[in-house]
Amino acid sequence: MIGVGALVHSNTLKALGYEQGRTLLVDLGAARTDVLVMDGEDIELARSLASGGNGITEAISDLLNVSFREAEQMKLEDALVVPEGTQLYDPQESRLVPAVRVGLSPIMRGIVQSVERTAGTKGETVDRVVLCGGGALLRGLPEYLHQTLGVPVETLDATQSSMNKLCLLYTSDAADE
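Residues numbered from 1 in each chain as written. Predicted model: local features only at pLDDT ≥ 70, side-chain atom pairs only at ≥ 80, totals over all residues. Heavy atoms only, no water.

## With respect to the pattern of salt bridges
Thinking step 1. With the rule as written, the count across this model stands at five salt bridges.
Thinking step 2. Salt-bridge contacts for Asp-34 lead to Arg-32; the nearest nitrogen and oxygen are separated by 3.1 Å.
Thinking step 3. Overall, the relative accessible area of 13% leaves Asp-34 in the buried class.
Thinking step 4. Between Glu-84 and Arg-101 there is a salt bridge, with its nearest N and O atoms 3.5 Å apart. With Glu-84 in the loop between α3 (68-78) and α4 (91-117) and Arg-101 in helix α4, the pair connects residues that are 17 residues apart, well separated along the chain. (Salt bridge = Lys/Arg side-chain N within 4 Å of Asp/Glu carboxyl O. Buried < 20%, exposed > 50% of the residue type's maximum accessible area, 1.4 Å probe, protein only. Helix = DSSP H or I, 4+ residues; strand = E, 2+ residues; numbered from the N terminus.)

What follows is the structure in structure tokens.
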């Protein structure tokens, strides 16, 4: 059974023109991460991971021995995710990267499992990843996902024109009922 959240995400992708190919939408929220795999207009997989941006904040808090509030501020101001072995020159970033990786680990595992689960017998992968939610603002996340999955990654653009498309879509859907 497909939940309301998956339908909203599906309609969002359609309204924004992501109707061709296989798209992985990752909505990285505070408490959870919603993952949706679409093949054209068909939902192949919809799941909610029990970890989100707060998991990253908790990892920063635990590993750096700071309060949750301080860790959240550090995440918003200085945190980033980079591939292993990347040279960092900012000491604050160097302190945060390992904690960010720890907090991001269950999310990344769930994303990779979702792609593998929908690969089918031919081993198809997704054609693109679309990021949204507050956690999508984590510096370096699009590049990190690109390196992990080997496909283009976009952050959903919440511009006025995109929002107008969504409003028109939902207004026309409501009028049809």
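Next, the rest of the story.
## Some points on α3
Thinking step 1. Among all positions of α3, only Ala-71, Met-74 and Lys-75 are buried. Buried residues of α3, viewed axially, fall in a sector of 100 degrees; they line one side. In this structure, α3 carries Arg-69 and Leu-76 as exposed residues pointing more than 90 degrees from its buried face.
Thinking step 2. At its buried positions, α3 is contacted by α2 (53-64) and α4. (Arc of directions from axis to C-beta. Contact = heavy atoms within 4.5 Å.)

## A word on empty space enclosed by the protein
Over the atoms, a rolled probe matching the size of one water molecule traces out where space is still vacant.
Thinking step 1. This structure, assessed with the given rule, holds one cavity of 30 Å³ or more.
Thinking step 2. Put simply, the largest cavity is a space of about 30 Å³.
Thinking step 3. Taken together, Val-26, Leu-28, Leu-104, Ile-107, Met-108, Ile-111, Leu-131, Leu-141 and Leu-145 form the lining of the largest cavity.
Thinking step 4. Among the elements of the structure, β1 (22-28), α4 and α5 (141-149) are those that each provide at least two residues to the lining of the largest cavity.
Thinking step 5. Here the lining of the largest cavity takes four residues from α4, the largest share from any one element. (1 Å grid on protein atoms, 1.4 Å probe; cavity = no way out; pocket = protein on both sides within 12 Å on 5 of 7 lines; lining within 4 Å. Points joined across faces, edges and corners; volume = space filled by probe spheres on them.)

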